[in-house]
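Breakdown of the fold
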Amino acid sequence: KYLYTIKKIKLIKGTLIMNKGKRAGDSPIGVNVVEGKTYFWCTCGISSKQPFCDGSHKGTDFNPLKYLADQSKKVFFCTCKQTNDPPLCDGSHNN
């Protein structure tokens, strides 16, 4: 059984996102991304490789969100899964 509640479905950047994935953390994870590299952000919150997908969502209605780094820099990925700017942290974990 999964410990999340599906409240709303929305389409973000061409990917189906379920609002209210399981909270995986209380603060963002900073990652030094590489320009041109693709990352797959966990939307379900049950991945053991946060903030990225490990396939644990299989059998659920969740899908990872593709993030293509447009430049090499440090990016702060959301772990609370409540952000309104996925996959990036917007401070929603403070609410």
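Residues numbered from 1 in each chain as written. Predicted model: local features only at pLDDT ≥ 70, side-chain atom pairs only at ≥ 80, totals over all residues. Heavy atoms only, no water.

Observations regarding the pairing of strand 4 (residues 38-41)
Quick reminder of the rule: A simple rule labels every residue: compare its accessible area, found with a 1.4 Å probe on the protein chains alone, to the largest value its type can have, and call it buried under 20%, exposed over 50%, or partly exposed in between. Going along the chain from the N terminus, every DSSP run of H or I of four or more residues is numbered as a helix, and every run of E of two or more is numbered as a strand. Think of it this way: DSSP has to see at least two bridges between two strands before they count as a pair.
Side chains Tyr-39 and Trp-41 project from strand 4 onto a buried face, and the interleaved Thr-38 and Phe-40 project onto a face without burial. As defined by bridge partners, strand 4 adjoins strand 5 (residues 65-68) across four bridges and the pair is classed as antiparallel. Looking across to strand 5, one finds that Thr-38 is bridged to Leu-68.

A closer look at unusual backbone geometry
Look at the link from Gln-50 to Pro-51: it is a cis peptide, with omega at 10 degrees. The step from Pro-86 to Pro-87 runs through a cis peptide bond, and the omega angle for that step is 10 degrees.

Things to note about the side chain of Thr-79
Put simply, the test is: Contacts are assigned to residue pairs with any non-hydrogen atoms lying within 4.5 Å of each other.
By the element assignment, Thr-79 lies in the segment after strand 6 (73-77). Beyond its immediate chain neighbours, meaning those up to four positions away, Thr-79 contacts Arg-23, Ala-24, Gly-25, Asp-26, Ser-27, Pro-28 and Ile-29.

A word on the packing of aromatic side chains
For any two aromatic rings, the description comes down to two numbers: the centre-to-centre distance and the angle of the planes. Under the convention used in this document: When two rings of Phe, Tyr or Trp (its six-membered ring) have centres within 6.5 Å they constitute a pair, described as stacked for plane angles under 30 degrees, edge-to-face for angles over 60, and tilted for the intermediate range.
Throughout the structure, instances matching the rule amount to four aromatic pairs. Between Tyr-39 and Tyr-67, the aromatic rings sit 6.4 Å apart at their centres with planes inclined by 50 degrees, giving tilted as the arrangement. Of this pair, Tyr-39 sits in strand 4 while Tyr-67 sits in strand 5; the two residues are 28 residues apart in sequence, bridging distant segments of the chain. The exposure classification of Tyr-39 matches that of Tyr-67, with both residues buried. Ring geometry for Phe-52 versus Phe-77: centroids 5.1 Å apart, planes at 70 degrees, classification edge-to-face.

Brief notes about the nonpolar core
Our working definition: Take the buried residues of types Ala, Val, Leu, Ile, Met, Phe, Trp, Tyr and Cys, join any two whose side-chain atoms come within 4.5 Å, and each joined set is a nonpolar core.
Listed in full, the 12 residues of the largest apolar core are Val-31, Val-33, Tyr-39, Trp-41, Phe-52, Leu-65, Tyr-67, Ala-69, Val-75, Phe-77, Cys-78 and Cys-80. Secondary-structure elements contributing two or more residues to this core are strand 3 (29-33), strand 4, strand 5 and strand 6. In contact with Cys-78, other than residues within four places in its own chain, are Trp-41, Pro-51, Thr-83, Pro-87, Leu-88 and Cys-89.

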